[in-house]
Every structure is written in C-alpha cells, then in structure tokens.
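# Residue-level structural notes
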Amino acid sequence: MGNWVPYERNGYLFRRRRWVRMRIRDKNAKVVQKKKQKREAALKEGWEYARLAHLTYHITRHPLDFARRRRYLRKLTGDPRRPAIFHFKGKERKKKKDDDDEEVGNQQVPRIFVTFSAPAHTYQLRAYIYQARDMYGGDKSGLSDPYCLVSFHTSSDRTRVISETVCPTWDQTILMKSIRIFGDTSKVVESPPPIIIEFMDKDTVGRDEFIGRTEVRPVIRLSLDTPGPRLDWFPIVRYNKYGGELLAAFELLLDEGNELPFTPPTASPPHTHYIVPSGIRPILQKNRVEILCWGVRDMKRFQLLPVMSPLVEFECGGVAVKSKPIKNTKSNPNFPDPVLSFDVLLPKEELYAPPLNIRVMDKRSFGRCPLVGTHVVKCMRSFIVEPKPSQSHKLAVAVAHKVATPTPSIYEGEVTVVVEDVKEALDSDPDSQKKVEFDWWSKYYYSIDDPRRTQQEYIDEGYDKMKIYPNDLEESFNKFEDLAQTFHLYRGKGSRDPEELAGESVGLLKGSLKVYPLPDDGSKEPPPVFSKTINTKPVECVVRLYVIRAVDLMAQDPDGKSDPYIKVKVGKGGKGKKIADKDGYIPSNLNPIFGKMFELKAHLPIDHTLTVTVMDWDRFSADDLIGETKIDLENRFISRHRATCGLPDTFCKRGVNKWRDRELPIQILEDWCKMMDFNPPEWSPDKKKVVINHTEYSLDRYEHDRPLPEDDLGDKEQRLALYVIKEKCNFVPEHIEERTLYNPIIPHISMGTLHMWVDIFPKEGALPPPVDISPRKPDKFVLRVVVFNTKDVLLDEISVVTGDAMSDIYVKGWIRGQDDTQKTDVHYRSMDGEGNFNWRMVFPFEYLPPEQVIVIKKKQHFYSLTKTEVHVAPRLTLQVWDNDLFSPDDFIGTIDFNLIQIPEPVQEAIDCSVDQLPPEEEVDDDIPGTVEAAKKRKASSDITGARPLPQEESEGLVAGVHFRGGRERTYWQAGAGD
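Owing to the predicted nature of the structure, the values given are computational and were not obtained by experimental measurement.

With that settled, consider the side chain of serine 639. You can see serine 639 is positioned in the loop between α7 (633–638) and α8 (665–675). Note on serine 639: relative accessible area 4%, which makes it buried.

What follows is the structure, encoded as structure tokens:
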C-alpha cells in the first residue's frame, strides 16, 4: 500500500517473488528423446497426482494438479516349482451361460504374522496427573472444561472433567495393568515407549474439542530400588503452537510377581479415582497471599455494553477471594478497598506452585455478573517475599509531607530540620542574576557528547550533565512496576502464550501480589505487607512534555522527506485532551529540532496514558502518521523511583542548572527516611554534615576536587541533601529518553527516535516555571571582503600583439551554501600576474555563535512551497579566474577560508607558500570552531596579510581577512594583502 517513491523504505507491508521464465523451443530429436526418458523415469518414481488432496488421483501430471502422493506397487514373486498363493483348489469347470449356480473353489489368501525373538514381559503403567496451567480456552468465555486422554501401547484411559478453568487440578493417578511388551527389559530401559496425552474440552452439545497434546517418556522401574519419578512440567502443543503446560510424572513398573508400590489412595466421596500418592505429590505449606487490587484500565465493551462496575476474583489452590465492585469506571477506575488477602496451602518447592487465576466480572442489572476478562499468573516465584517486622510497602501518593519529631542529636546543640519554600531557596530576583552565558542547549549537547556543538567553557566551569537513556525510561526501571504490575486480560477462545504479552487483550488490571509463608509453630504472624490506608482517589496533575528533536524519521513524501510536527494526547478515546502543533511543522526534514514544551492537565488514573505522535503535514491531503509512542503516566506517578521530575547532580539556585522541582532536596530526603522507617536526618550546626541511619555524610566528601559553578550554587544543606539522595536512593535523574516511534500498521519496525522527557506535578500548590528549550535563533551578520590586489598570478594566455604571456584577472567569491556569488571587475592584460581591484564584497548571512554554524533557509526545488533550514560551516571561497570573451573563462586558483580556523598570513608576497595552509587531514568541514579562533575574534586582532592561492604547481596571492567585533552584530571585513 502507498505510492512508489525513489528511495528505500525500512519496512514493507507486502512482497512477492518475481519469477522470470524463458521458453526456448528445441526441435532436436535427441533433446525430445531425453525429455521422454525423463518423463518415463518420473513415472517409475511412483507419484500420482490430483487437483486437490481429497479428489481422485491419476498417474499423469497436469498443470492444475496441487496434490501428490506416493503410488505403491506390490509385485508378487514365487517359486516356479510351487503353486501360486492364489491357486484355486477343488472343482474347476468352465462357466456356462445357462448355469445359475456356479461352484467356486476356496481361495488361499496369505496370512501375515508378527513374531518376536525375545519373550514378552508384563508391565504396569502409573500416570500421576497433577495439574495443568495456561491451557487453551475452548469456550466463548475464555475457559474450558478440560480432561485428558492417556494412551500407552495398546491401552488408554481418561481423567475426570474439571469445569470452567484453564488451570485444572486433577490430582489423579491412572493405572494401566497387564501391559505386555516384547523385548528385553534392557532395551525398554534404553528406549522407553512414548506416552501420548491428548487434552479435550468437554462440550454438552457436539463433539469434544481438541485443545492440546504432549508426548512424554516414563521412568522404567524394574525393582523398587530404582528411584521413583518426580513431578515435572511438560509443554502442551496445539497445532504447533503454545497450548499450556502439564505437571505430571510417569513410571513403568515391571509386574512379574515382584513387589510393587502400594496402590495410591482413593479420593474422598463422591469421587472414586486414585489421587497422587504422598511420595510424589508436593509438600504443602500454609502461605498468605496479599493482593493489591489497584484498578482496571482500558476495558473493552462486552455484549455491546461498556464495563462500568467490574469486580475481580483471585483463585489459587482452590481458595478464592473477591473484591468490592467499582461504582463507576468513568469517574474512578480504582477499587474502593484495594487490599485483599487469603491463606492457602502451597508447595514448598516453587517449581510446583499452582497458578493464580484472575477473573474480572462486570456487575450489571438483574443480578447478572458476566465474565469479561481472565488472566493466569503461571509462576508466582517472583512474588514471594520475606516481610520484615519494621517495613511496609506504601504508596507514593499516600505519603504525607510532614516533618518528623526531632530526636536527640549526636552533634552539640539542637537538631535543625530545615524546611524552606522553593521560592526562598532559589534566586528569583532578575537584578541579582548574573549574565547568562549558556543556555539549555549547551547542557544538552554536552550530555549527548556532540563535539561539534559542545562548548568547552561549559565543561570547564563544572556545569551538570544530563543522563541519556538510549531507550524508553521504563526499560531502565523495570517499567516502574515496583508498586503495581500490569496484567493483560483476555476474553474468548484462544491460547495464553507468554511471549505475546498484549495479544488480543481486552483490558488491563493493575495490582500486585505478595506471597510469604506463615509460621507452623504457632508463633506470631508477620505484619501485612500492604498498608490498609491506601488512597485510591483520582489526583489532578499537570503534565509537561518536553520534545527536543527527532532522529531518522521515516520518509512519507515522494521526494524522500517529511514535514513533521508533534501531536500530543492525554487519555484514551474521543474525550482525551489533545494538542496538535500543526502550524509548527518543520518542512522537508527527517531530523527535525522541535524544542517545544506542551503542558496538559490530567486526572490520574483516568487519563493514565500519554500518547506522543509525530505526523507528516500535507497541504492537499490528510496528514500521514509517521509514528507514535505511549507513556503510562500513572506508573511514573506512583513509583518509588520518583519519576515525576528528574533530579540534577548539583543544587543550583540560578543559571542553566536551576532547580526545577516543586520540592527541595531536604524535603525529598525526609520523605525517603519516613518510607524506609529511619529517624529524621540530624544536621550539624554548620550544615555541612548530616547523619542518616547512624551513617555520617559530609559536604566536603562530595565537592572535594570537583569544579563547581560557584556563582550558581545553592545552600549547603540543600546540596548535601541532594548528594545523599543521589547516592542512597534509586531515583530518576535529570535525563533525556530516546523513545522509539512505531506505526500501528507496522508495529515491529522503528519509524524513528524521539528525544524527550516528561514532568508530572500535582496541581495543588505553586508550580515551578517550565524549562526554556526553544531552539536557538541565529543572529544576523554581514561579511565584508575587500579585495585590493593579486600578485604572482599564473599567466594563462598569450597576447596576440606582443606574443607575451598575459591574463585578464578577476576574483570571484561566495559563502558556502548560499547562492549569492559576487565578482570583482576585470583587470585586463596583466603581464606580471598583478591585478588591482579595490573591490568590496558584502555577504549578509545568519550565524549561530554557540554552534559556530551558518543558518541557510532556501527552497530545495523550484516547486517547493516552503523553505528548508540547513546548518553549514562558515566557509568563504575566493577564486581567481581568467576572463575570456568568446570561450569559457579559465580557472586559475582557489582558496577556501574557514572563517573560524583562518590560517596565519604573511606580510610579503614573496613569503607566501602552500605551507601556510593546514594539511587536508586537519581541515574539518563538520567541526568549524576552535577556542583559539573564538579568542581572536573576541579580541578583534588584525590578521591581515598575504595568503597563497594554490593551483597544481602554481600559486598566487589574495587579500587577507580582518575581524572586527561588535555587541549586536559582527562585521567580518577583509584588509589589504600587502
């Protein structure tokens, strides 16, 4: 789908082979005979063909045949001395027309026998079927009524049916007695016969549905001295796809009068089947399962109605617990009482732990409560914890920011716990702020290690460096699921492949599980892990999205470019808040610099998803989607990693590293101490030391031998608190995340990368000012070049009158990237290579001093509607030409000035040499600036003089260049060369 474009895309939707078949008619008799022999050989191979597999087969192959199979021929060979096996015995007479009764002799048909050289042995098979998990949902509800068929050798049996589950627990032993297997017992031990287990879904109407199959090998026990089997998980396959897992064990016992294990016990009435014996079944232990049932998200409709009042049921090991229903998911999708718990007997070995079944039901009118989604937690190993009596898990939104009661300090004097206002700790007076030499982009280019745009002065003064994450921020912090994990809910028939996390998901359930054992000796039970006072009410927040730039976007226009702009949306559905910066599109650019901040209001957890989309602007058609990325704001807001606002390395009250959080470092440190159940921080009188959890931290330890921006630093206690937080807490630092853009049509192919970050602030209270990341605007400059004269120019022509060498000299110059080319007048008939001009060239341009590049805006094609911005190195090109009247002008020589790295001149033309020019390996067009050149420009030093103009084996002289600096504009002017 799409238009043909003259460039290569990274991903296509469809493809096919292009076959080229050449047909040549050959009338050679040898070739015809060879083809005939080839056809006859094909017939001897024994293939027969058909249009379709269920139609009649024939020997000759036709072009429309799509199926083939082997044609087996059976040839009878016998001893001529003996009669054939189809020889008729008895009366044989010729059949007559008027005979109604014909006597036919008995036909001797060959009989087939299977003989074994070794005697048969009698065995007994015991199949211990304990449970299964993640099975295929055969019913419309997403559940099944599974049972399994066990087939071995010439015997088969089946288990009982477990209703409405995808994680059945059969706990059944199947006995197959008197199984005769021919062959030596040693060969049976080496290669045990396979056991085929098929899983079926019991249906009331119609045939049972096949939901999976597995093949296992039993453990051979010739005597009781051989170790018995152990339960293990076996994969279930359904049509070569994942169909679940089976926990079972199998043993094949030699039953020839020897002693056998005891018969397994029978289940309690009304069941009559054998259960798994105690030697094989797992050892159970009493455990407590605590559940934080946080809420549901993005539930799809069920039976054309929205899911408005869901409740969730958790079941494990035959024990179930239900939550209270949500009143209305549109106003608050969180559960009113999110903390649940129940006690259950679980195996001590984590390998045998049963799965946890999650069922979400919707409470509707007339008492109906249909099942709208299910999820299976197949392994609970990651949720097992050992709670300590002094710790409890708390929500970040439920922590109250209050100062704890001071305790006696180890320092002399009183304990001082300082809690300041953000405005008081920061310098907000514009008159007291020094002149800002660096902007936010200086910090950004230093953080991404861009040598072209990094300013050395910024590094020398000790300013901070941001953390650059080459992927989504969630990947570096475990998806911020330290409090609430995300469980995908499924509905309807289908498998539960763990590799397909989203699949056909019909919604999300956010919550967490904690499993820990209870004491068996009657001692005191541990305290609960989750706090009972958790606030689940919605919180109104302000979301600030900072979009810096995009890299390697996928082209959408026929010219191989795109006109990208940003579109932001908070929430899902038609009621989400949207901002589309359509007027701020950047024309014809696949690596645009946006430098924009978008501020939106969100109600968490209702508007929990932030969608950032990059669109391609089109004038006459609908805009194209380039790619998008989605961020879960709720997980970032409630995470203990404090992902709401990144923390810098140094606390500064002004400048480019000014503190931008609404809480000061001391407040953050005190809240962390409360969460960890530590005593409040104890400060020394001079505020240079602090004690936290019996450990002392000093300010000199962090700031020793480290360059710091002295004029921008904040208070000592705030700096020390920030250093301690950065060392002890795994909080999100000040960062830039490079998020990959994806298109829903091609979900697994990257459409580019977006550099951005997100800040989240509660709406209550004053908000800090946003960070200014607007792109740098170029200053207007004028380059003035005065060409006085040239000397020792190559004489390229011969005078018709005198016969002497001569040249008609003129100088041409331009700034690289601009279309403005200027020329001097022509100095006719120069006999000695000297030309006098006294000509001035004026080149206006736009220049970015921090990046030392020239900004050029022009149309790429004559049919382009908008101008494209290009950054090039500031280079001036001067060339000397010989003017011709009736033929093209002759090129004599050229010199290319890097206006930041101008070579040193000489005062006399006789001293000019190509040695003045830098070597080619040192000339860098992409890195135009150096510190020495910047110092020369600031000092307005005169660097006029003579410079060589090389052309193969000749060299000439062109005027030097003089810099004159100004406050608002800088004029670059050329001076005399001699």
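A few words now on the sheet that holds strand β15 (residues 339–347). Taking strand neighbours across the sheet as the criterion, the 4 strands line up as β15-β12-β20-β19 in an open arrangement whose pairing is antiparallel. Each edge of the open sheet is held by one strand with a lone partner, namely β15 and β19 (485–489). Within this sheet the neighbouring strands show an average axis-to-axis angle of 40 degrees, counted without direction. In the sheet, strand β12 (residues 284–297) pairs with β15 via 9 bridges, with the strands oriented antiparallel. The residue of β15 that forms the bridge with asparagine 287 is valine 344.

Before going further, it helps to spend a moment on the sheet that holds strand β13 (residues 310–316). Strand order in this open sheet of 4 strands is β14-β13-β16-β17, and the pairing throughout is antiparallel. At either margin of the open sheet sits one strand with a lone partner, and together these are β14 (319–322) and β17 (371–377). Across the sheet, the mean angle separating the axes of adjacent strands is 15 degrees when strand polarity is ignored. Examined bridge by bridge, β13 and β14 share 4 bridges and lie antiparallel to one another. Bridging from a neighbouring strand, glutamate 315 pairs with alanine 320 of β14.

Here we take up the pattern of salt bridges. The full count for this structure, using the stated rule, is 44 salt bridges. The closest approach of N and O atoms between arginine 288 and glutamate 525, which form a salt bridge, is 2.9 Å. Highlighted residues: arginine 288 in strand β12 and glutamate 525 in the loop between β20 (507–517) and β21 (539–551), separated in sequence by 237 residues. Residues participating in the shared-partner salt-bridge network are Asp439, Asp450, Arg453, Arg776 and Glu851.

Right, let's get into the packing of α8 against helix α10 (residues 716–728). Each pair of packed helices can be summarised by the angle the axes make with each other and by the distance between the axes. At a minimum axis separation of 8 Å, α8 and α10 run at an interaxial angle of 45 degrees. Taken together, the axis directions place α8 and α10 in an arrangement best described as oblique. The interaxial crossing formed by α8 with α10 has left-handed handedness. Where α8 approaches α10, its residues Pro665, Ile666, Ile668, Leu669 and Trp672 are matched on the opposing element by Glu717, Gln718, Ala721, Leu722, Val724, Ile725 and Lys728.

This part covers a positive patch on the surface. Residues Lys34, Lys35, Lys36, Lys38 and Arg39 make up a contiguous surface patch of positive charge. Mapped onto the secondary structure, lysine 36 falls in helix α1 (residues 29–44).

What follows is about the confidence of the model for the protein chain. Per-residue confidence for the protein chain averages 80 on the pLDDT scale, and 78% of its residues sit at or above 70. In this model, residues 88–96 is a region of pLDDT below 50 whose contacts with residues beyond four sequence positions or in other chains number 13 contacts. Confidence drops under a pLDDT of 50 for residues 102–106, and excluding neighbours within four residues, the segment shows 9 contacts in the predicted structure.

Of all hydrophobic cores here, the largest spans 39 residues; its most connected members are Leu545, Ile566, Leu610, Leu633, Leu754 and Val758. If you list the elements that add at least two residues to this core, you get β12, β21, β22 (564–570), β24 (593–604), β25 (609–616), β26 (624–632), α7 and β31 (746–762). When near neighbours in sequence (up to four residues on either side) are disregarded, leucine 610 contacts Val543, Val568, Lys569, Val570, Thr629, Lys630, Ile631, Leu633 and Val758. Counting 30 residues, the second largest nonpolar core, distinct from the first, contains Ile291, Phe314, Ile358 and Val377.

Conventions used here
Residues numbered from 1 in each chain as written. Predicted model: local features only at pLDDT ≥ 70, side-chain atom pairs only at ≥ 80, totals over all residues. Heavy atoms only, no water. Helix = DSSP H or I, 4+ residues; strand = E, 2+ residues; numbered from the N terminus. Buried < 20%, exposed > 50% of the residue type's maximum accessible area, 1.4 Å probe, protein only. Pairing = 2+ DSSP bridges. Axes fitted to C-alpha atoms, helices over the stretch in contact; angles between N-to-C directions. Salt bridge = Lys/Arg side-chain N within 4 Å of Asp/Glu carboxyl O. Parallel < 35°, antiparallel > 145°, perpendicular 65-115°, else oblique. Left-handed = near helix turned anticlockwise from the far one by under 90°. Contact = heavy atoms within 4.5 Å. Patch = residues over 30% accessible without salt bridge, like charges linked within 9 Å, V, L, I, M, F, W, Y side chains within 5 Å. Areas by Shrake-Rupley, 256 points an atom, 1.4 Å probe, with all protein chains shown as cover. Lys, Arg positive; Asp, Glu negative; His and termini not counted. Charge placed at Lys NZ, Arg CZ, Asp CG, Glu CD. pLDDT = per-residue confidence, 0-100. Core = buried A, V, L, I, M, F, W, Y, C linked by side-chain atoms within 4.5 Å.

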